[in-house]
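The primary structure of each chain is shown beneath.
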Amino acid sequence: MTTLTAKDKDAVRTFWAKVSGKEEDIGTDAVARMLAVYPQTKTYFAHWKDLSPSSPSARKHGITVMKGVADAVSKIDDLKGGLLGLSELHAFTLRVDPANFKILSHCLLVVLSIMFPNDFTPEAHVALDKFLAAVALALAEKYR
Amino acid sequence: MVEWTDFERATIADIFSKIQYEVVGPAALARCLVVYPWTQRYFGNFGNLYNAAAISGNPMVAKHGTTILHGLDRAVKNMDDIKATYAELSVLHSEKLHVDPDNFKLLSDCLTIVVAAQLGKAFSGEVQAAFQKFLAVVVSALGRQYH
């Protein structure tokens with residue numbers, strides 16, 4: 001929607017410093033929630049043997065996704081350029097409907113709210129929501 | 001007619017028995033006004049909404065947040081006919097308040113996040129699914145009488 005202000009980027013980086021070390025837990029919980037709350041997202045993982053939210057495949061995928069988000073934080077000054085490779089992957093190979101980026105973003109925010117109830121203030125929330133929206137936009141960059 | 005499983009009924013009743021309406025309501029509404037500032041358009045007479053601190057400390061926001069939560073109570077007590085229960089409220093939001101129904105989803109996302117913080121680990125994926133389904137039905141009922 002809009003570009004990230006300096007204040008937004010600061011807020012994201014500050015919050016992310018607090019998250020340090022817990023990325024795996026956050027990622028696995030977010031993906032597990034996504035599969036449980038939005039069952040239609042399971043259609044992208046038909047190749048998994050076990051589609052339950054706590055399956056090893058789901059856990060592994062949560063870690064993969066979170067590594068991507070952490071990478072995006074480090075490239076926050078140029079998301080489009082920094083995430084070019086990931087965008088091509090999502091556009092030509094994975095072809096995930098961009099509506100799902102919103103879904104996963106929401107699940108991520110729910111997890112952050114649970115794990116960091118005092119730090120995930122409304123101000124941190126808006127900055128992270130904007131950031132995840134910008135990441136989603138960068139990921140969809142190569143779609144068409 | 002919406003079909004509710006026993007788990008969903010129990011979960012919704014449980015959540016609403018555990019949360020404090022005067023804490024969750026104000027927090028959810030304040031968060032909505034901060035995270036989605038265009039929603040402030042409906043609260044022109046609420047005074048100071050200038051920044052996050054002002055919003056979170058605003059007594060009119062707090063009062064209205066509590067009102068909203070008590071409104072949700074009606075759905076909790078009438079889960080088998082939320083559509084009829086909210087017909088009047090839907091007309092109110094459309095004809096008198098002129099609220100864009102897309103805003104209901106924004107508030108419901110904020111409510112999910114606030115309830116998640118309140119319940120912590122107890123807000124599992126399954127509980128979240130039940131809660132979001134409940135809110136989706138409420139949102140749909142509130143938008144039903146718009147024309």
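- Labelled according to an unreviewed UniProt entry, chain B appears under the name Globin domain-containing protein, originating from Perca flavescens.
- Looking at chain B in UniProt, the text filed under Sequence similarities (unreviewed entry) is "Belongs to the globin family."

- Taking an unreviewed UniProt entry as the reference, chain A is identified by name as Globin domain-containing protein belonging to Perca flavescens.
- The UniProt entry for chain A carries this comment under Sequence similarities (unreviewed entry): "Belongs to the globin family."

**Some details on the interface of chain A and chain B**
Working step 1: At the junction of the two partners, chain A supplies 18 residues and chain B supplies 19 residues.
Working step 2: Interface area, chain A with chain B, both sides summed: about 1,600 Å², of which 64% is carbon and sulfur.
Working step 3: Considering only the surface of chain A that becomes buried against chain B, Ile114(A), Pro122(A) and His125(A) emerge as the three largest contributors, covering 29% of it.
Working step 4: Summed over the shared surface of chain A and chain B, the number is zero salt bridges.

**With respect to the UniProt feature "domain: Globin" (unreviewed entry) in chain A**
Working step 1: Under the present numbering, the feature "domain: Globin" (unreviewed entry) in UniProt falls on residues 3–144 of chain A.
Working step 2: Within residues 3–144 of chain A, the helical portion is 69% and the strand portion 0%, while the C-alpha atoms at the span's ends are 21 Å from each other.

**Things to note about the packing of helix α1 (residues 6–19) of chain A against helix α7 (residues 122–139) of chain A**
Residues and elements named next belong to chain A.
Working step 1: Two numbers describe how α1 lies on α7: the axes approach to 9 Å, and their chain directions differ by 100°. Judged by the angle between their axes, α1 and α7 are roughly perpendicular. Mapping the contact onto sequence places Asp8, Ala11, Val12 and Phe15 in α1 and Ala124, Ala127, Leu128, Lys130 and Phe131 in α7.
Working step 2: Among the residues forming the contact of α1 with α7, the class breakdown is seven nonpolar, no polar and two charged.

**Regarding the environment of Asp78(A)**
Residue and element names in this part refer to chain A.
Working step 1: By the secondary structure assignment, aspartate 78 is in the loop between α3 (56–74) and α4 (79–82).
Working step 2: Spatially, the C-alpha atom of aspartate 78 lies 23 Å from that of isoleucine 63, the residues being 15 residues apart in sequence.
Working step 3: A polar atom in the side chain of aspartate 78 sits 3.1 Å from the backbone nitrogen of glycine 81.

Procedures and definitions
Residues numbered from 1 in each chain as written. Chains lettered and ligands numbered in written order. Predicted model: local features only at pLDDT ≥ 70, side-chain atom pairs only at ≥ 80, totals over all residues. Heavy atoms only, no water. UniProt positions renumbered as here; feature names shortened; annotations may be inferred. Contact = heavy atoms within 4.5 Å. Buried area = accessible area lost by both parts, 1.4 Å probe. Salt bridge = Lys/Arg side-chain N within 4 Å of Asp/Glu carboxyl O. Helix = DSSP H or I, 4+ residues; strand = E, 2+ residues; numbered from the N terminus. Axes fitted to C-alpha atoms, helices over the stretch in contact; angles between N-to-C directions. Parallel < 35°, antiparallel > 145°, perpendicular 65-115°, else oblique. Nonpolar A, V, L, I, M, F, W, Y, C, P; charged D, E, K, R; others polar. Polar contact = N/O pair within 3.5 Å; in protein donor to acceptor, adjacent residues only side chain to side chain.

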